[in-house]
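# Breakdown of the fold
Chain by chain, the residues run as shown.
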Amino acid sequence: MRFILLGAPGAGKGTQAKQLIDRYKIVQISTGDILRENVKAGTPLGVNARSFMEKGLLVPDDVIISMIEERLSKPDCSNGFILDGFPRTVSQADALGSLLKKMGLKLNACVYVEVPEEDLIKRLSGRRVCNSCGESYHVFFNKPKNEGVCDKCGAGLIHRKDDHEDTVRNRLKVYHNETHPLLDYYTKQNIVLKIDGTGDINDIFKRITAGLEA
Ligand code: AMP
């Protein structure tokens, strides 16, 4: 199984991906997570990406495309993968198409997770993530057992700089201009599975798996 999770920031792609990888025994490839790891480790890639990320802007396509090319060539991708947060521009989608063609692979689906804009702002500005393992929580909708502490690994939770409200608005603007056109792009390829991304996390998961397995 190889598919894309498409949706605005805050649509719940990362949360769903974490459950979907267990279900299908495949890997999650989140360009945002890879970039954040590089920022944390202070690699040249991270240093370059940081200023874009903190402003809510996209990291340049050439950087992202070579990052994905390297990631997809790793053996753990052989059983399948979920692309979370990639592609984000038409040129990234074109590059992905060429890369998969070269590898003799095809996408099974583009799962589009749809959430109204006012919900996205509420979700993103209340999001807290674990500074160590990356697990995601929310101050209202998905509280950890102990405030400010990750249930999974016990590390501290942080409010990502790019989840602050002004940056959130910027990220949504960028999403509408650059990423939303991919819905048309993949509709033309007949692989879009539209999912209502509102409501309970487990109900959304059931909608996605039912759609993928239909
Ligand atoms: P995310 O966690 O997917 O919301 O990504 C966080 C930030 O990383 C984004 O706001 C961008 O600055 C950057 N980023 C992640 N994925 C991409 C991508 N495919 N293309 C360009 N920038 C990206």
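The following refers to the structure shown. (Residues numbered from 1 in each chain as written. Predicted model: local features only at pLDDT ≥ 70, side-chain atom pairs only at ≥ 80, totals over all residues. Heavy atoms only, no water.)

## Here's the deal with the site of the ligand
Rules: Consider each residue's heavy atoms; a residue with any of them within 4 Å of a molecule or strand counts as near. Per-residue and other accessible areas were derived by the Shrake-Rupley procedure at a 1.4 Å probe size, with only the shown protein chains allowed to occlude residues. Helix and strand labels come from DSSP, where a helix needs a run of H or I of at least four residues and a strand needs a run of E of at least two; each type is numbered from the N terminus. Here the term charged refers only to Asp, Glu, Lys and Arg, the term nonpolar to Ala, Val, Leu, Ile, Met, Phe, Trp, Tyr, Cys and Pro, and the term polar to all other amino acids, Gly among them.
Surveying the vicinity of the ligand reveals 16 residues, the closest of which are T31, R36, L57, G85 and Q92. Protein chains shield 95% of the accessible area of the ligand, which is 480 Å² for the free molecule. Among the elements that line the shell around the ligand, the one with the most residues is helix α2 (residues 31–41), at 4 residues. Across the shell around the ligand, the residue classes break down as 7 nonpolar, 4 polar and 5 charged.

## So, the nonpolar core
Under the convention used in this document: The criterion is simple. A nonpolar core is a set of buried Ala, Val, Leu, Ile, Met, Phe, Trp, Tyr and Cys residues joined through side-chain atoms within 4.5 Å. Here's how the labels work: a residue is buried when its accessible area is under 20% of the maximum for its type, exposed when over 50%, partly exposed in between, all with a 1.4 Å probe on protein chains only.
With 55 residues, the main nonpolar core has F3, I29, L72, L96, V111 and Y186 as its most contacted residues. Listed in part, the 5 residues of the second largest apolar core include C130, Y137, A155 and L157.

## Re unusual backbone geometry
Across the junction of F86 and P87, the peptide omega takes the value -5°, indicating a cis bond. Tracing the chain through its elements places P87 in the loop between β3 (81–84) and α5 (90–103). Backbone geometry at K25 places phi at a positive 55°, although glycine is not the residue there. With respect to the helices and strands, K25 occurs in the loop between α1 (13–24) and β2 (27–30). Backbone geometry at N190 places phi at a positive 65°, although glycine is not the residue there. Examined against the element boundaries, N190 turns out to sit in the loop between α8 (182–188) and β8 (192–196). Of the residues examined, N190 reaches a relative accessible area of 71% and is grouped as exposed.

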